Amino acid sequence: MKFQRRSPKRGRVEIIPMIDTILILLIFYMSFSTFGATEKRIDSRLPLIAKASVNAPTKVSLDLAIHVFNKDRMTVNGAEYEANGLRDAMLQLASIGQEATIVIEGEADTSYQAVISALDACAQAHLTNVAFRPLPEKAGAATPPK
Amino acid sequence: MKLKRRRIKRGRIEIIPMIDTIVILLIFYMTFSRFAEAGKEAGLKLPDSRAGDEFKQLPNQVIINMYNQDEVYIDKQKYTIDEVPPFLEHIREKDPRYAKMSLILRGNRDMTYADLSAFMKACAKSKIIDITFTTSEIK
C-alpha cells in the first residue's frame, strides 16, 4: 500500500497584524517616554513653618534670605538677581564650601513657578538646607528685604 | 449575453490581530489605571526645574495635588486647604504606615505664594516638616 506524503506547510509571517501591533507599541512607548521624562522631585524640610504656627521665635540661623518677587526679580540679602543669576550666586556660595541656611519668602501674588525656580537654583548648587517663610496671618504679604 | 454575477464576499473577523490589539490595549489601560491609583491629577501643570531626583513615592508619603487654596485633591477627593490637616490626622490615626508622614506637593504652576503659604501652614498644623516638591523637568 502506498501512503501519500503530506506536503509540509510553509510558515509565513503575517504582515498586517504585525503592522497593527508595531503601530500600537509605537504609540504606547511614545506616550510613556513622555511620562518617564516629566516628573522630578526636590526634597525640602520646613523647620521655620512648624515654629511659625505656634508663634514662637525661630531658632534657625538665617544666613541667606531669598525674597522672590517674580521669576526675573529675586533678592538675596538685598542684592537683586534673576533666576539664572541666582543659580550662579548659589553655585559660587556652594563652591567656597560655606554652609548656608536658606529661607525663601515671597509676596502674596508671587507665582509658584518663581518660588520653584529659586528652590531649583538652591538644589542645583546642592544647598539642601532650605526653608520657607509663610506669609503673615493677616497682612497678606511677607516683609520685604532691607 | 449572460453576465456573470460576482460572488459576494462574506465578511469575516480576523481573530489574531484582534487578540493582539486587545492584549496591548489591556496593558495600556492597566498601566494608566496605576497612574490613577498613584493619586496624581492629570490636569495639573507642574512648575519647571532643572535640578531634582527621579520621582518616587515612599510608603509614608501622601500626594497632595493643589490648584489653589480652595482646590486640593487627595486620592481624587476634593478638599479646601483648611480641611487637609483634619484629613491627614484621620489617616495618620487609621494607618500605622503614616505615623511618620511626609507629603509630596504637586502644585499647579499658576498658584501663588499665598497658596503655598497656606499649604505650609497646613503642614505645620499637622506637624509635618518633610515636604517633597514635584516638578517637571526642563528639556
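Residues numbered from 1 in each chain as written. Chains lettered and ligands numbered in written order. Predicted model: local features only at pLDDT ≥ 70, side-chain atom pairs only at ≥ 80, totals over all residues.

**Some remarks on the packing of helix α3 (residues 83–95) of chain A against helix α4 (residues 112–124) of chain A**
Residues and elements named next belong to chain A.
1) Next: For the pair α3 and α4, interaxial distance at closest approach is 8 Å and the crossing angle is 30 degrees. Judged by the inter-axis angle, α3 sits roughly parallel to α4. Here the hand of the crossing between α3 and α4 comes out right-handed. Judged by residue contacts, Ala83, Leu86, Arg87, Met90 and Leu91 of α3 engage Ser117, Ala118, Ala121, Cys122 and Gln124 from α4.
2) Next: Counted by class, the contact of α3 with α4 contains seven nonpolar, two polar and one charged residues. (Axes fitted to C-alpha atoms, helices over the stretch in contact; angles between N-to-C directions. Helix = DSSP H or I, 4+ residues; strand = E, 2+ residues; numbered from the N terminus. Parallel < 35°, antiparallel > 145°, perpendicular 65-115°, else oblique. Left-handed = near helix turned anticlockwise from the far one by under 90°. Contact = placed C-beta atoms within 7 Å. Nonpolar A, V, L, I, M, F, W, Y, C, P; charged D, E, K, R; others polar.)

**Remarks on the sheet that holds strand β6 (residues 130–132) of chain A**
Strand pairing in a sheet takes place through backbone hydrogen bonds and is either antiparallel or parallel in direction.
Residues and elements named next belong to chain A.
1) Next: Read from one edge to the other, the open sheet built from five strands follows the order β4-β3-β2-β5-β6, with strand pairing classed as mixed. With partners counted over all chains shown, the strands left at the sheet margins are β4 (79–81) and β6, one partner each. Taken pair by pair, the neighbouring strands of this sheet meet at an average axis angle of 25 degrees, ignoring direction.
2) Next: In this sheet, β6 lies alongside strand β5 (residues 102–106) in parallel orientation, the contact comprising three bridges. Counterpart to Val103 in the pairing with β6 is Ala131. (Pairing = 2+ DSSP bridges.)

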